[in-house]
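# Structure at a glance
As a plain string of letters, each chain reads:
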Amino acid sequence: MNADLALYAVPAFAVLMFVEWLDARRDRDHAATGISRRDTATNWITYGLGQLSKPLLQYVLPFSTIVVAASLTPLHLPANQWWVWAIGLVVTDFCYYWAHRADHRIRLLWTAHSVHHSSTYFNLSTAIRLPWLNPIASIVRSLAWVPAALLGFPAWVIFLLITLGLLYQFPIHTQRVGTLWAPIEFLFNTPAHHRVHHGSNTPYIDRNYGGVFIIWDRMFGSFAAESEPIRYALTHNIGTENPVKVNYHEFAAMIRDVRHARSWKGRLGYVFGPPGWSERAEAAPVPTPAAV
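Everything numeric here is computed off the predicted structure, so don't read it as measured data.

### Details of the overall build of the protein
The secondary structure content of the protein amounts to 14 helices and zero strands. Overall, the protein shows an N-to-C arrangement of helices and strands of α-α-α-α-α-α-α-α-α-α-α-α-α-α. Here the protein has a C-alpha radius of gyration of 20 Å; the compact-globule value for 292 residues is 19 Å, and the two agree. Put simply, the protein has 292 residues, and 44% of those count as buried.

### Some words on the side chain of Asn247
In this fold, Asn247 is placed in helix α12 (residues 243-260). On the basis of relative accessible area, Asn247 is assigned to the buried category, the value being 2%. Only 2.8 Å separates the side chain of Asn247 from the backbone oxygen of Trp132, close enough to count as a polar contact.

### A short note on the environment of Ala233
Take Ala233: it is sitting in the loop between α11 (215-220) and α12. Residue Ala233 is classed as buried on the basis of its relative accessible area of 5%. Each C-alpha atom of the pair Ala233 and Arg105 lies 17 Å from the other, and the pair is 128 residues apart in sequence. Contact partners of Ala233, with chain neighbours within four places excluded, come to His117, Ser118, Ser119, Thr120, His198 and Ser200.

### A few points about the pattern of salt bridges
One pass over the full model with this rule turns up 10 salt bridges. Residue Asp23 is joined to Arg176 by a salt bridge in which the shortest nitrogen-to-oxygen separation is 2.9 Å. Of this pair, Asp23 sits in helix α1 (residues 3-25) while Arg176 sits in the loop between α8 (155-169) and α9 (182-187), and the two are 153 residues apart along the sequence. Using a relative accessible area of 22% as the deciding quantity, one classes Asp23 as partly exposed.

### Quick notes on the packing of helix α4 (residues 82-105) against α8
It is the contact of α4 with α8, at a shortest axis distance of 9 Å, that shows an interaxial angle of 70°. As judged from the angle between their axes, α4 and α8 are roughly perpendicular. The hand of the α4/α8 crossing is right-handed. Here Trp85, Gly88, Leu89, Thr92 and Tyr96 of α4 come into contact with α8, specifically with Trp156, Val157, Ile158, Leu160, Leu161, Leu166 and Gln169. In the contact of α4 with α8, the residues fall into nine nonpolar, three polar and no charged.

### As for the UniProt feature "transmembrane region" (unreviewed entry) in the protein
Cross-referencing UniProt, the feature "transmembrane region" (unreviewed entry) maps to residues 6-22, 56-76, 82-99 and 143-168 in the present numbering. The distance separating the terminal C-alpha atoms of residues 82-99 is 25 Å; by composition the span is 100% helix and 0% strand. Secondary structure content for residues 143-168 is 73% helix and 0% strand, while the C-alpha to C-alpha distance between its ends is 22 Å.

### Comments concerning helix α5 (residues 107-117)
Counted residue by residue, α5 has 11 buried out of 11 residues, so it is predominantly covered. Among all positions of α5, only Arg107, Leu108, Leu109, Trp110, Thr111, Ala112, His113, Ser114, Val115, His116 and His117 are buried.

### As for the environment of His249
Following the sequence through the fold, His249 ends up in helix α12. Residue His249 is classed as partly exposed on the basis of its relative accessible area of 36%. For the pair His249 and Ile66, spaced 183 residues apart in sequence, the C-alpha to C-alpha distance is 29 Å.

Here is what the cut-offs are and how they apply
- Residues numbered from 1 in each chain as written.
- Predicted model: local features only at pLDDT ≥ 70, side-chain atom pairs only at ≥ 80, totals over all residues.
- Heavy atoms only, no water.
- Helix = DSSP H or I, 4+ residues; strand = E, 2+ residues; numbered from the N terminus.
- Rg over C-alpha atoms; globule rule 2.2 N^0.38 Å.
- Buried < 20%, exposed > 50% of the residue type's maximum accessible area, 1.4 Å probe, protein only.
- Polar contact = N/O pair within 3.5 Å; in protein donor to acceptor, adjacent residues only side chain to side chain.
- Contact = heavy atoms within 4.5 Å.
- Salt bridge = Lys/Arg side-chain N within 4 Å of Asp/Glu carboxyl O.
- Axes fitted to C-alpha atoms, helices over the stretch in contact; angles between N-to-C directions.
- Parallel < 35°, antiparallel > 145°, perpendicular 65-115°, else oblique.
- Left-handed = near helix turned anticlockwise from the far one by under 90°.
- Nonpolar A, V, L, I, M, F, W, Y, C, P; charged D, E, K, R; others polar.
- UniProt positions renumbered as here; feature names shortened; annotations may be inferred.

Below, the structure is given as structure tokens:
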């Protein structure tokens, strides 16, 4: 998220969280409010550490694949035309869909993205539970927007549209809003769709990757609607609110698996395979049908 916009958005984040908390207090069933002081504090601390560490991350990553691609392409679209911004919103959101899908299907990227999914609660503060200081994952993930740069969209336009897309997603992290008007639910990402994305029970795992638009999920077979009560967090919860452990738990687990791998295939599988991939499961013999 653009550092300046992220800083300016903090008061709005705080006000909306307070409104959500006030509305949640009206629930007689306290368990249904989905808000915890400790969890909210962890989310804010994690967000703060991310903002403080951004200058260091920019020092570690002095270049951007998006900037490099934008400088090399022979195509250059004019940023002063409205249609460039309209098409750019769709293109960058399409790129986000694939980046987000990769977050869930490539373990290296999951070491960062799992931070956002590690809360057992789902509320507006969950939106700011974001990873920090994971530069390798950041480099790999940024490749998803290289096609947008090669199409001629200026790098700064791409970065701004990515940030606006992330800001759009902040208010959809809530249980206080049900379903919206059907055409909106069909085209756009909404609280109902994003609740599904954060679910860890079987119907919801790896579903609804869209950022602004949910239409990509409908097109590429990753859409799911709410069909049963949602259980939030990871399939194997980390059981801590320590912001450092929250941020590096999965990365440490990946390194541990790589260290104990028995082959290079196993090491690469633990880094670039999907979360949950196991060298032992890969090597297990496939049972053959019994003879008739």
